[in-house]
Amino acid sequence: MEAGTEARRVASVVHVRCPDRLPEDVYRQVLEQLAELSPVVQALPPSAALVELKGALRYHGVDARRLGEVLRVRTISRLGVDVRVGIGPTVTVAATASGQITGPGGVLAIGPGQVADWLGPLPVEALHGIGPRQAQVLRDYGVHGVGLLAAIPPATVQRLLGGRAGRQAADRARGIDPRPVTPRALPASASVSRAFPRHTLDGAAVRAALLDLVVTLAAQLRRRGQAARGLTLTLRFAGGTTWEKTRRLPEASAHDDDLRTLAYRLIDAAGLQRGRLTGITLKGEDLVAADRVAEQISFDGAREARLVAEEVSDRIRAKFGPGAIRPATTLLRVS
């Protein structure tokens, strides 16, 4: 790479790693925090993301490391989530940097002029994009470090790992990675979960918890101005096994009535009987903007009354908080 080109490059690519098993709704909130810093955000579900900061650096007037620190403070203070933030001139360098942060969170920035010296001492498996099998092949050949991988002729690496994979590995070991950050949002969905403090067998208790999830999910969708075309119910059992089923709604909806009816059909299909549940998750699938959903004329007076009550409940929650109104639930019996 020419010295002039290297001098013009900046560390503007950010790779963010969230904690493993982060709930999807919290992961979406992390993505929203990223979007406050830059409009160019690429979601890498289930728990990572890329951000391009070139425009943001000029707008905010600070360097990328400072923006990475701001991001970390925001996710901790607003969401209670610590993140690992790697920053570099390319996707590979940024993602490798975030993987080298040993604590639950932190910021590691690698400048363009530091890439070769920083990558060189790392073991080959630490280079982002090198999988376990590729790392083993390289180690069998005596290539234990990224610096040695960068020094080997690319043709040799291609013979070891295959044409395309070998070419990419050789380039990335040298800090070369032309891939741009491509804006990509998560597929439209929203989920809510409930964990039982102990294994529960009681059908009424499970339905009460499911009703609470229905109301919470529906309120969340209406607050976002969205409607779901389908629902997915996931049941978690003692021992770690799960059961999951998805069904479509007749029409996209965010109303308690419609979601409750389908959610009860889903849990009936599970045939729980004496299953020991540890948790349930309800996810709204294939979300669309609410203004794209045609409101059907209804001659059901009881349903219309419930929809009016739903609007009133939404106003109360907006004023006094989401916990101001909850559905009546049965006390859980546990064993």
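Criteria and cut-off values
Positions within a chain are numbered from 1, following the residues in the order the chain's sequence is written. Local features in this predicted model are restricted to residues whose pLDDT is 70 or higher, and side-chain atom pairs enter the listing and the counts only when it is 80 or higher, whereas totals over whole chains, interfaces and linings include all residues. The side-chain figures draw on all heavy atoms in the structure; neither hydrogens nor water molecules are used. Numbering of helices and strands runs from the N terminus, with a helix taken as a DSSP run of H or I at least four residues long and a strand as a DSSP run of E at least two residues long. For every residue, the accessible area obtained with a 1.4 Å probe (protein chains only) is divided by the maximum for its type, and the residue is called buried under 20%, exposed over 50%, and partly exposed between those limits. Residues count as neighbours in contact if any of their non-hydrogen atoms are within 4.5 Å of one another. We get accessible surface area from the Shrake-Rupley algorithm with a probe of 1.4 Å; when it comes to residues, only the shown protein chains can shield them. The term nonpolar core refers to a set of buried residues drawn from Ala, Val, Leu, Ile, Met, Phe, Trp, Tyr and Cys, joined through side-chain atoms within 4.5 Å. Each residue carries a pLDDT value, the predictor's own confidence for that position, ranging from 0 to 100. What a helix should span is 1.5 Å times the count of its residues minus one. Every axis in this analysis is a line fitted to C-alpha atoms, fitted for helices over the stretch in contact. Angles between the N-to-C directions lie between 0 and 180 degrees. Whether a crossing is left-handed or right-handed is set by the direction in which the near helix is turned from the far one by less than a right angle, anticlockwise for left-handed and clockwise for right-handed. Amino acid classes used here: Ala, Val, Leu, Ile, Met, Phe, Trp, Tyr, Cys and Pro are nonpolar; Asp, Glu, Lys and Arg are charged; the rest, including Gly, are polar. When DSSP finds two or more bridges between a pair of strands, those strands are recorded as paired.

### What to know about the overall build of the protein chain
Then step 1. Helix and strand counts for the protein chain stand at 13 helices and 10 strands.
Then step 2. Of all 335 residues assigned to the protein chain, the portion counted as buried reaches 44%.
Then step 3. Contacts in the protein chain between residues far apart in sequence, at least 24 positions, make up 66% of those at least 6 positions apart.
Then step 4. Just so you have it, the protein chain exposes about 17700 Å², and 53% of that area is on carbon and sulfur atoms.

### Things to note about the nonpolar core
A general tendency of soluble globular proteins is for nonpolar side chains to be buried together.
Then step 1. Membership of the largest hydrophobic core comes to 28 residues, with the highest contact counts inside it found for L217, L221, L231, L259, I280 and L282.
Then step 2. Listed by contribution, the elements that provide at least two residues to this core are β6 (189–200), α11 (203–224), β7 (226–237), α12 (256–270) and β9 (277–285).
Then step 3. Here the element with the most residues in this core is α11; it accounts for eight residues.
Then step 4. Those residues in contact with L231 that lie beyond four places of it in its chain are L217, K245, T246, R247, L259, L262, A263, L266, L282, K283, G284 and E285.
Then step 5. If you look at the next biggest cluster of nonpolar residues, it comprises 27 residues, including V14, L57, V85 and L186.

### Topic: the confidence of the model for the protein chain
Then step 1. Looking at the protein chain as a whole, its pLDDT mean stands at 84, while 84% of the residues score no less than 70.
Then step 2. In this model residues 1–8 is a low-confidence stretch, pLDDT under 50, and it forms four contacts with partners more than four residues away in sequence or in other chains.
Then step 3. The low-confidence segment residues 329–335, where pLDDT is below 50, has 13 contacts with residues more than four positions distant or belonging to other chains.

### Some remarks on α11
Then step 1. Over its 22 residues, α11 extends 31 Å from the first C-alpha to the last, a length consistent with the 32 Å expected when each residue adds 1.5 Å.
Then step 2. In terms of burial, α11 is largely enclosed, as 16 of its 22 residues are buried.
Then step 3. Of the residues trailing α11, G225 is marked for its positive phi of about 75 degrees.

### Structural notes on the packing of helix α2 (residues 24–37) against helix α4 (residues 64–79)
Then step 1. Contact pair α2 / α4: the axes reach a minimum separation of 10 Å and the direction vectors enclose 140 degrees. In this structure, α2 crosses over α4, and the sense of that crossing is right-handed. Facing V26, Q29, V30, Q33, L34, E36 and L37 of α2, the residues of α4 in contact are L67, V70, L71, R74, T75, R78 and L79.
Then step 2. Across the contact of α2 with α4, the residue classes tally to eight nonpolar, three polar and three charged.

### Re the environment of Y27
Then step 1. Turning to its location among the elements, Y27 is positioned in helix α2.
Then step 2. Counting along the chain gives 159 residues from Y27 to L186, while the straight-line C-alpha distance between them is 9.7 Å.
Then step 3. Residues in contact with Y27, not counting those within four places in the same chain, are C18, L22, A43, L44, P45, P46, S47, A48 and L186.

### Focus: the sheet that holds strand β1 (residues 13–17)
Then step 1. Ordered in space as β2-β3-β1-β4-β5, the five strands form an open sheet in which the pairing is mixed. The open sheet terminates on both sides in strands that have one partner only, identified here as β2 (41–44) and β5 (106–109). The average angle at which neighbouring strand axes cross in this sheet is 15 degrees, direction not considered.
Then step 2. Taken together, the five bridges between β1 and strand β4 (residues 84–88) define a ladder with antiparallel strand orientation. When the bridges of β4 are listed, H15 appears paired with G86.
Then step 3. The strands touched by α2 are β1, β2 and β3 (48–52); relative to β2, the strand with the most contacts, the crossing angle is about 160 degrees.

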